[in-house]
Amino acid sequence: MNYNYRLLSKEQVFGETKIDVIRELGAECGVTDFAVLSGAEASEERTAAWFLASASGYGDVCAVDPDGSRRVAYANSHGSVRPAVACGDLSELPCKTVKDISGFEEAEFGEYPQNAADRALAGTLEQEFAEGMLRTTGKLYQAQYEEFQYEGAKYIRVPYALEKTCVLSNGKSCKTGDAVWIEVSPVKWLYDAKANLLISRRILTSGVLFSAENYYNGDFEKTAVYVYLNTTLAEDLVPSVLSDMTLEEQAEYEENRKKEMRRKNPYGLTFGEVSEEDIIRGAIESDVPVFLHGPSSEGKSARVKQIDPTCEILYLRNATPDSLNGRSVYNQATGEMIDIPPTWFKKVQAKCEREPDKPHVVFFDEINNALPSIQGMAFNIVLDREVNGIWKLPDNARIVAAGNDMQDSLAAQQLAAPFFNRFAHVYINTTTEKWLKWARESRIHPAIYAYIAYKQGETLRSKYDGEKPNADPRKWEMASKMLYATGRPEMLRSLIGEDITEEFVQFCSQPVITLEDVLRGNYSDSELEKLNTSQRYATTVGLTQAADEEVEIVRAFVSKLGEEFRAVFDSFARPEEKK
């Protein structure tokens, strides 16, 4: 059956006779990752601009801004499309329908590349592709992107060709030349019964030429975009058929796969990205001293405590020779000198004896802020695993050191080369993603977590000027404690400054559905309908603080807000997949 695909008109979106879907849900429209890769400018709320079918006058064409307001575009410009199709009765279409939370019926009709695969899966697909192991379905999208099948799902590989950097819904930042794997999935449409229309929930693609002419007089059926909708897009929406392997093909595939893996990895090693925490843990497990570099607010000691909560911390900036190396005292009864080990050593020795199969960390903090004489004593401990040339460190004691680099502290001194070379070195960089993961595990106040996630880390730090409070990861931890204790967000200005506090208060004042509300079912359909795009986004990122056992319940709720918000939720709530 042939379907006539169109774009909505200016009257249907902005006129007095606007259709019910737009009247109730607004003109803001979510955008697929495929559309972003094609050139759509995604806002923070993952919405974008889209063409309408109407002329605006003076030869231009009407369009919708990411915030749902009206705009004008040149007739011969390229842009994004949100297709619609006439439909008097849903039973006319071969589609699956459900009642959407908005009150409109939602139909799954056709398939199209939409969301980027998570990073772990994308890595697997890229490897299979490079080795020629992926099977194709025989279908091309936009006459150029070949469709592949993998474990019962379909994907296309899109080389990112634009000069600007873009960020996808899974958090991946793409630059020119990157290959992105996009999953092909059912297209969701909203049914407007009064207008007899199906309207796609999201912008499907971008970079589409509206008209080959410089002047548009409103004759939509003569435009390039109309031809595109009813040829290229119409063909692309028709689902392909997955073909199953025969038993013989499957056996051959598995054998070829094993051979390829043996050739590629003859030593049986595990390849892939490793985090700072992975390196720290690996150094501790293998008894290699490790040095953590970074500013004072980056959570160096917190990372060590995650591995060994009872680690013994020595603040070398304030250390004395006696506190680090022990001391000798005169025994009047015998006339001899007695060597007394330092307190920290006795504590470490006791812990190591109690738990001989567990590594225990000795953490030399602020080591390059220490006096040269203290650094020399610490060097002997690291080099010889011996304190004052007398007491040997237990076999299961491990050494970790930390300090500020010279550009981060006026008191920092450069380590001598022999001392520097005794360590593995990790340069701590607290990204937004890592901070949010830590915040989930550390019960940071949900309002602070949601705000940092909503701002995508923009306010995780602010510039220090020596006069007013500034924000950094440690300050936000302190702010969380204060907010739990007082419940007064305005008090945070003493920690993070006036400007950020004011913005934080505004964020906390907007209506959202909290994690507690979701878990208790403390919300109504009418409340969800009233949330605008920004509020839905704020609700979504706040819910990513859910514990592992709560994720599926919350994810089902977020799906009610829209597929684009579910993609945002997955990108935040499942960071372990983002390799």
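Residues numbered from 1 in each chain as written. Predicted model: local features only at pLDDT ≥ 70, side-chain atom pairs only at ≥ 80, totals over all residues. Heavy atoms only, no water.

Here we look at the pattern of salt bridges
Then step 1. Here the structure, examined in full by the defined rule, presents 26 salt bridges.
Then step 2. In this structure, aspartate 178 engages lysine 175 in a salt bridge whose closest nitrogen and oxygen atoms are separated by 3.6 Å.
Then step 3. Judged by its relative accessible area of 16%, aspartate 178 is buried.
Then step 4. One connected set of salt bridges, linked through shared partners, spans Glu276, Glu277, Arg303 and Lys434. (Salt bridge = Lys/Arg side-chain N within 4 Å of Asp/Glu carboxyl O. Buried < 20%, exposed > 50% of the residue type's maximum accessible area, 1.4 Å probe, protein only.)

With respect to the environment of asparagine 429
Then step 1. Residue placement: asparagine 429 occurs in the loop between strand E27 (424-427) and helix H13 (432-441).
Then step 2. Classification of asparagine 429 as partly exposed rests on a relative accessible area of 44%.
Then step 3. Once the C-alpha coordinates of asparagine 429 and proline 295 are considered, the two residues, 134 residues apart in sequence, prove to be 9.1 Å apart.
Then step 4. With near-sequence residues (within four places) excluded, asparagine 429 lies in contact with Glu276, Glu298, Arg303 and Lys434. (Helix = DSSP H or I, 4+ residues; strand = E, 2+ residues; numbered from the N terminus. Contact = heavy atoms within 4.5 Å.)

Here's the deal with the sheet that holds E27
Sheets are built from strands that pair by backbone hydrogen bonding, the pairs being arranged parallel or antiparallel.
Then step 1. Pairing is parallel in the open sheet, where five strands are placed in the order E20-E23-E26-E19-E27. Edge positions in the sheet fall to strand E20 (312-315) and E27, since each of these pairs with one other strand and no more. Taken over all neighbouring pairs, the strand axes of this sheet differ in orientation by 20 degrees on average, direction set aside.
Then step 2. Contacts between helix H7 (residues 276-285) and the sheet are confined to strand E19 (290-293), strand E23 (360-365), strand E26 (397-403) and E27, with E27 contributing the most and set at about 160 degrees to the helix. (Pairing = 2+ DSSP bridges. Axes fitted to C-alpha atoms, helices over the stretch in contact; angles between N-to-C directions.)

Description of the confidence of the model for the protein
Then step 1. Summing up the model confidence of the protein, the mean pLDDT is 88 and the portion of residues at 70 or higher is 96%.
Then step 2. In this model residues 575-579 is a low-confidence stretch, pLDDT under 50, and it forms 13 contacts with partners more than four residues away in sequence or in other chains. (pLDDT = per-residue confidence, 0-100.)

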